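# Architecture and fold: a report
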Amino acid sequence: MIMSALMVLTMPLTALAGEWDIAEGDIAVNRTSETEQNVSQGSRSENDTNPTITGTSTEHTVTIHAETGTTATVTLDSVDITSSSGNAPISTQGGGNVTIELDGDSKVQADNLHAGIEKNNDGDLTITDSSGSSEAAGSIEAKGGSHGAGIGGGFRRDGSDITINGNAQVTASGGTRGAGIGGGDNGNGSDITIGGHARVTASSGDEGAGIGGGFLGDGSNITINGNAKVTASGGSHAAGIGGGGNGNGSDITIQDNSSVISTSSTGGAGIGSGIFGTATNITIRDNANVHVASGFLTGPYGDFYGAGIGNGAAVVANGTEVVDDTNLTTGKITIYDPGTSIDEIKAYIEQAQSQSGGQQTPGGSSQQVPSGSGQQNPPSAPTSTNIVVDNTETAPPEVPSSHGGSSHSSDNNGGSVNTATPTNEHAIFITALNNQIEGYLKQLSEAIKSGNTEKANAMIKEGLKLNLGNYVGLNRRTITLLEEVSKAGIATTIDFTYKNIDYITLIPANAEIAPTSLLNKDGYCGALKLMKEYGRIEENYSPSDIG
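What counts, and at which threshold
Residues numbered from 1 in each chain as written. Predicted model: local features only at pLDDT ≥ 70, side-chain atom pairs only at ≥ 80, totals over all residues. Heavy atoms only, no water. Helix = DSSP H or I, 4+ residues; strand = E, 2+ residues; numbered from the N terminus. Buried < 20%, exposed > 50% of the residue type's maximum accessible area, 1.4 Å probe, protein only. Contact = heavy atoms within 4.5 Å. Pairing = 2+ DSSP bridges. Core = buried A, V, L, I, M, F, W, Y, C linked by side-chain atoms within 4.5 Å. Axes fitted to C-alpha atoms, helices over the stretch in contact; angles between N-to-C directions. Salt bridge = Lys/Arg side-chain N within 4 Å of Asp/Glu carboxyl O. pLDDT = per-residue confidence, 0-100. Phe/Tyr/Trp six-rings, centres within 6.5 Å; stacked < 30°, edge-to-face > 60°. Expected span 1.5 Å × (residues − 1). Polar contact = N/O pair within 3.5 Å; in protein donor to acceptor, adjacent residues only side chain to side chain.

Secondary structure summary: the protein chain contains seven helices and 40 strands in total. The 547 residues of the protein chain split such that 54% are buried. Put simply, of all contacts in the protein chain between residues at least 6 apart along the chain, 76% involve residues at least 24 apart.

Here's what the structure looks like:
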């Protein structure tokens, strides 16, 4: 008995699972071997291979580090973390793998430029609930800050090697230009797997895919399998699953008994690529049930839409369907009219299930796209939705224009550069700059009128590129022309130099440009003002750069 007591007293702490309250300070988890995992918080430091993190905080964060060849394991139990200190609420580091177990209902909200759960480790990130009970499954709601993914990469960072399985219930929302799950702004999303009995809802704030790439990012090697249920909605110009705005989508597989609803809002494919992008190797097989709707691109040259599954629109051309469904056995693909919302699709599914006694509609085939129509509508759509049943009698639903830029305030902070009366040299430069923009618009208009869609698409995809040099004050005419370019669905990249520092900003397509709020009292707008509105494109970007 004495020996047994001594053994209990000398048992290593690794046999015990500690509880750590985020309200008490930052938590650092460091896995160094398969038997050694140190957890530290303030003056407390323990060897804990199965820590449980609880509590609420608006100032503290969790960092999980795994050495190469190891797997760090952490349980989140009803955690609520909002980061306001320029950090991610939860960040993974190191060359190894990280597994996050979900208990209770957790929430994380990132600060700007960061992801809600920011994956920076080289190995896998697995989010799971291994309890075996779907009724009491753990959940997490992860929101990215501006330019960050909900789960994945921060600003200009990829989001790869992400797995969600077990009974995990995950809601992931990307910030502006970030994917729900995948890449941040200018980041790719790859090697993403959702399986088991996971329930996942993923969306982007704007121009990122629901699952896949952020703005300008590709989405590749995405697999949905097992009995997973996934709902994905892409932001403007992005696919629901696949490429972000202007991004490609490739090697996407939906199989087994999985169920997927995936939509795009403006010009992207339901599953595939974003606007201008290319889709390759998209496979729907087995008993998978897939419901998709692409997005409309409404502009001065007409209305165009992406494919349900395939390529995004190309401004003056609809996206083409690209899907391999040869091994779709008892499953089914349903392609809805472009612009159909997630809620409308769910309403249709609910009615179809009620009419069939709760059973899935017998499948074994996809609803093929009829020649010349570019889409196929589901039969017997519910009257409570605006899904179009007959394309020949009803116009496609109208989708509100999206705005890629931030809303404008009435102050002129950041617009004080070059507010004095311009010099003759500056006036000459501005005249030449305005002529350049007008010339671009004229060439584009002529290409479209002449039917030269190849040239028009190339010009729009490339966008308008301006180099201001040291002349960083723009006049009313310049801003009005930039507004015209943006309304035409074209992005403008602006390079300029201020105090010997080079800057780049990008005015996205369909951005909200209000000359009256951008111009100062002398009728000029500094390039720094534009950068404050639309963000700086640079690896080491921080909000202070434009403050």
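Here the narrative resumes, following the displayed structure.
A regular strand places its side chains on the two faces of the sheet in alternate fashion. The sheet contact formed by strand β14 (residues 125–129) and strand β17 (residues 159–166) spans five bridges and is parallel. Residue pairing across strands places L125 opposite I162, the latter belonging to β17. Bridging between β17 and strand β20 (residues 189–194) involves five bridges; their strand directions are parallel. Bridge pairing in β20 links I164 to I194.

Ordered by their spatial adjacency, twelve strands build an open sheet running β4-β3-β2-β7-β10-β13-β16-β19-β22-β25-β28-β33, and the pairing between neighbours is mixed. Looking along the sheet, the strands with just one partner apiece sit at the ends: β4 (44–47) and β33 (309–310). Bridge count between strand β16 (residues 151–152) and strand β19 (residues 181–182): two bridges; the pairing is parallel. Across the sheet, residue I151 finds its bridge partner in β19, namely I181.

Let us now look at the side chain of T75. With respect to the secondary-structure elements, T75 resides in strand β8 (residues 71–77). What makes T75 buried here is its relative accessible area of 6%. Non-local contacts of T75, meaning those with residues more than four positions away in its chain, are made with N50, P51, T52, I53, E101 and D103.

The next thing to look at is the nonpolar core. I100, I117, I151, V170, I181, I211 and I271 are the most contacted members of the largest nonpolar core, which totals 57 residues. The contacts of V170, once residues within four sequence positions are left out, are L102, I127, I140, I151, I164, R199, V200 and T201. Membership of the second largest hydrophobic core comes to 42 residues, among which are I275, F276, A447 and L474.

Okay, the sheet that holds β20 next. Taken together, ten strands build an open sheet; the order of strands is β1-β5-β8-β11-β14-β17-β20-β23-β26-β29 and the sheet is parallel. Edge positions in the sheet fall to β1 (19–21) and β29 (279–284), since each has one partner strand and no second. Taken pair by pair, the neighbouring strands of this sheet meet at an average axis angle of 15°, ignoring direction. The pairing of strand β23 (residues 219–224) with strand β26 (residues 249–254) spans five bridges and is classified as parallel. Across the sheet, residue I222 finds its bridge partner in β26, namely I252.

Turning to the pattern of salt bridges, a few remarks are in order. Applying the stated criterion across every chain, the model contains nine salt bridges. Salt-bridge contacts for D286 lead to R285; the nearest nitrogen and oxygen are separated by 3.3 Å. We classify R285 as partly exposed; its relative accessible area is 29%. Across the pair R477 and E438 runs a salt bridge whose closest N-O atoms are separated by 2.6 Å. Remark: E438 occurs in helix α3 (residues 424–449) and R477 occurs in helix α5 (residues 476–487); sequence separation between them is 39 residues. R477 sits in the partly exposed class, given a relative accessible area of 39%.

With that settled, consider the environment of T283. Along the chain, T283 falls in strand β29. Note: C-alpha distance between T283 and I254 (29 residues apart in sequence) is 6.4 Å. T283 has contacts with I252, T253, I254 and D324, leaving out every residue within four places of it along the chain.

Of all residues in the protein chain, 80% attain a pLDDT of 70 or more, and the chain-wide mean is 82. Long-range and interchain partners of residues 1–16, a stretch whose pLDDT sits below 50, account for six contacts in this model, where long-range means more than four residues apart. Contacts for the low-pLDDT stretch residues 539–547, under 50 throughout, to residues beyond four places or in other chains number 15 contacts.

Using the criterion set out here, one finds three aromatic pairs in the structure. Plain terms: the ring middles of Y336 and Y348 are 5.5 Å apart, the flat faces sit at 80° to each other, and that makes the pair edge-to-face. One end of the pair, Y336, is in the loop between β34 (332–335) and α2 (342–355); the other, Y348, is in helix α2, with twelve residues separating them in the sequence. The class for Y336 is buried, based on a relative accessible area of 1%. Taking the relative accessible area as the measure of exposure, Y348 reaches 7% and is therefore buried. Considering the side-chain rings of F496 and Y503, the 5.3 Å spacing of their centres and the 20° angle between planes classify their relative orientation as stacked.

Let us look at α5. With twelve residues, α5 ought to run about 16 Å at 1.5 Å a step, and its terminal C-alpha atoms sit 17 Å apart, in line with that. By the burial criterion, the buried members of α5 are T478, I479, L481, L482, E483, V485 and S486. Put simply, N475 is the residue that caps the front of α5, since its side-chain oxygen is 3.2 Å from the backbone nitrogen of R477. G489 occupies a position one or two residues after α5 and carries a positive phi of about 80°.

Before going further, it helps to examine the environment of G226. Its place among the elements puts G226 in the loop between β23 and β24 (229–233). Along the chain, G226 and I254 lie 28 residues apart, while their C-alpha atoms are 9.3 Å from each other. For G226, the contacting residues outside a window of four places in its chain are G196, Q255, D256, N257 and S258.

Once that is clear, we can look at the environment of I181. Looking at the element boundaries, I181 is found in strand β19. Discounting chain neighbours no more than four positions away, the residues touching I181 are I151, I162, I164, A172, I192, V200, A202, G210, I211 and G212.

Quick look at unusual backbone geometry now. Positive phi outside glycine occurs at N186, with the angle close to 70°. Looking at the secondary structure, you find N186 in the loop between β19 and β20. A relative accessible area of 29% means that N186 is categorised as partly exposed. At N510, a position not held by glycine, the phi torsion is positive, near 60°. In this structure, N510 sits in the loop between β39 (501–507) and α6 (515–518). Take N510: its relative accessible area is 12%, and that puts it in the buried class.

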